[in-house]
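# Architecture at a glance
Given next are the chains, with one letter for each unit.
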Amino acid sequence: MRYPDGGGLSVRGRAKREAVRRQAAGWFAEGVPVIAARLRVSQTAVYGWRKRWQVGGDLALASKRPDGSRCRLDEGRLRRLADALDEGPAVHGFGSDQRWTLARVSDLIVRMFRTRYTLRGTANVMYRLGWSVQVPAHRAVERDEAAVITWRRETWPAGKR
């Protein structure tokens, strides 16, 4: 699961977990037994921490940056992409259909910046820009809204009885 900062935990959560690992490191140095039960973590976690601690000391147990790959588009490019998306698909040669699809946005990114994204990666970039996935309602062009409202109010309730 991804969170806004890109990792699985908030900054506070990572700091809390790091404090537990540092406590374990102190106990490793003192030779305290049964660390897993005292810290209420798995024996496997303690085994891994001990192994890292033996190789790299306390620094090996420090929290790393949030997980996830970094965006390949810098802030300037993201602004240019946002401006291009605001212009609409027709301006960029996608015909008269005025919907941005992930495939179209991905293609636009390739054209503008020569950087390829998967559809999922494109969705992440769109989310970062404040866009969300929209599923259009597929309706017939010939649809008569007034007739639909009349049918819902009069014909359908009569058929339910």
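Residues numbered from 1 in each chain as written. Predicted model: local features only at pLDDT ≥ 70, side-chain atom pairs only at ≥ 80, totals over all residues. Heavy atoms only, no water.

### With respect to helix α4 (residues 75-87)
Residues spaced three or four apart along an α-helix point in a common direction, a consequence of the helix completing one turn every 3.6 residues. Spanning 13 residues, α4 covers 19 Å between terminal C-alpha atoms, matching the ideal 18 Å at 1.5 Å per step. Along α4, the residues that are buried comprise L78, L81, A82, A84 and L85. Seen end-on, α4 carries its buried residues on one side only, within an arc spanning 165 degrees. Counted as exposed and oriented over 90 degrees from the buried face of α4: R79 and D86. On the buried face of α4, the contacting elements are α5 (102-113) and α6 (119-128). At the C-terminal side of α4, G88 shows a positive phi close to 100 degrees. (Helix = DSSP H or I, 4+ residues; strand = E, 2+ residues; numbered from the N terminus. Expected span 1.5 Å × (residues − 1). Buried < 20%, exposed > 50% of the residue type's maximum accessible area, 1.4 Å probe, protein only. Arc of directions from axis to C-beta. Contact = heavy atoms within 4.5 Å.)

### Some details on unusual backbone geometry
Residue V34 is not a glycine yet carries a positive backbone phi of 50 degrees. Along the chain, V34 falls in the loop between α1 (11-30) and α2 (35-39). The backbone of R40 sits at a positive phi, close to 60 degrees, despite the residue not being glycine. For R40, the position within the fold is in the loop between α2 and α3 (43-56).

### Considering the nonpolar core
Membership of the largest hydrophobic core comes to 14 residues, with the highest contact counts inside it found for L73, L81, L85 and I109. Excluding residues within four positions of it along the chain, L81 makes contact with L73, L108, I109, M112, F113, V125 and L129. Of all hydrophobic cores here, the second largest spans 12 residues; its members include A24, W27, W49 and L61. (Core = buried A, V, L, I, M, F, W, Y, C linked by side-chain atoms within 4.5 Å.)

### As for the packing of α5 against α6
As a packed pair, α5 and α6 sit with axes 9 Å apart at the nearest point and diverge in direction by 85 degrees. Between α5 and α6, the angle falls in the class roughly perpendicular. Of the residues in α6, those in contact with L102, A103, V105 and S106 of α5 are L119, T122, A123 and M126. Across the contact of α5 with α6, the residue classes break down as six nonpolar, two polar and no charged. (Axes fitted to C-alpha atoms, helices over the stretch in contact; angles between N-to-C directions. Parallel < 35°, antiparallel > 145°, perpendicular 65-115°, else oblique. Nonpolar A, V, L, I, M, F, W, Y, C, P; charged D, E, K, R; others polar.)

### Some thoughts on the confidence of the model for the protein
Looking at the protein as a whole, its pLDDT mean stands at 86, while 90% of the residues score no less than 70. Averaged pLDDT values over the elements of the protein bottom out at 86 in helix α7 (residues 145-160) and peak at 95 in α5. (pLDDT = per-residue confidence, 0-100.)

### Examining the pattern of salt bridges
If the charged atoms of two oppositely charged side chains come close together, the side chains can form a pair. The tally for this structure, following the rule as stated, stands at four salt bridges. In this structure, E18 engages R22 in a salt bridge whose closest nitrogen and oxygen atoms are separated by 2.8 Å. On the criterion of helical spacing, the pair formed by E18 and R22 is a turn pair, its members being four residues apart in helix α1. Among the salt bridges present, the one from R128 reaches E75, with a minimum N-O distance of 3.0 Å. (Salt bridge = Lys/Arg side-chain N within 4 Å of Asp/Glu carboxyl O.)

### Observations concerning the side chain of H92
Within the secondary structure, H92 is located in the loop between α4 and α5. Every residue in contact with H92, bar those within four places of it in the chain, is listed here: A84, E87, W100, L108 and R111.

### Some thoughts on the packing of aromatic side chains
All chains considered together, the criterion is met by three aromatic pairs. With centroids separated by 5.4 Å and ring planes inclined at 50 degrees, the aromatic side chains of F28 and W53 adopt a geometry described as tilted. Of this pair, F28 sits in helix α1 while W53 sits in helix α3; the two residues are 25 residues apart in sequence, bridging distant segments of the chain. Ring centres of W151 and W156 lie 6.4 Å apart, and the angle between their planes is 20 degrees; on these two criteria the pair is classed as stacked. Accessibility expressed as a relative area gives 45% for W156, which makes it partly exposed. (Phe/Tyr/Trp six-rings, centres within 6.5 Å; stacked < 30°, edge-to-face > 60°.)

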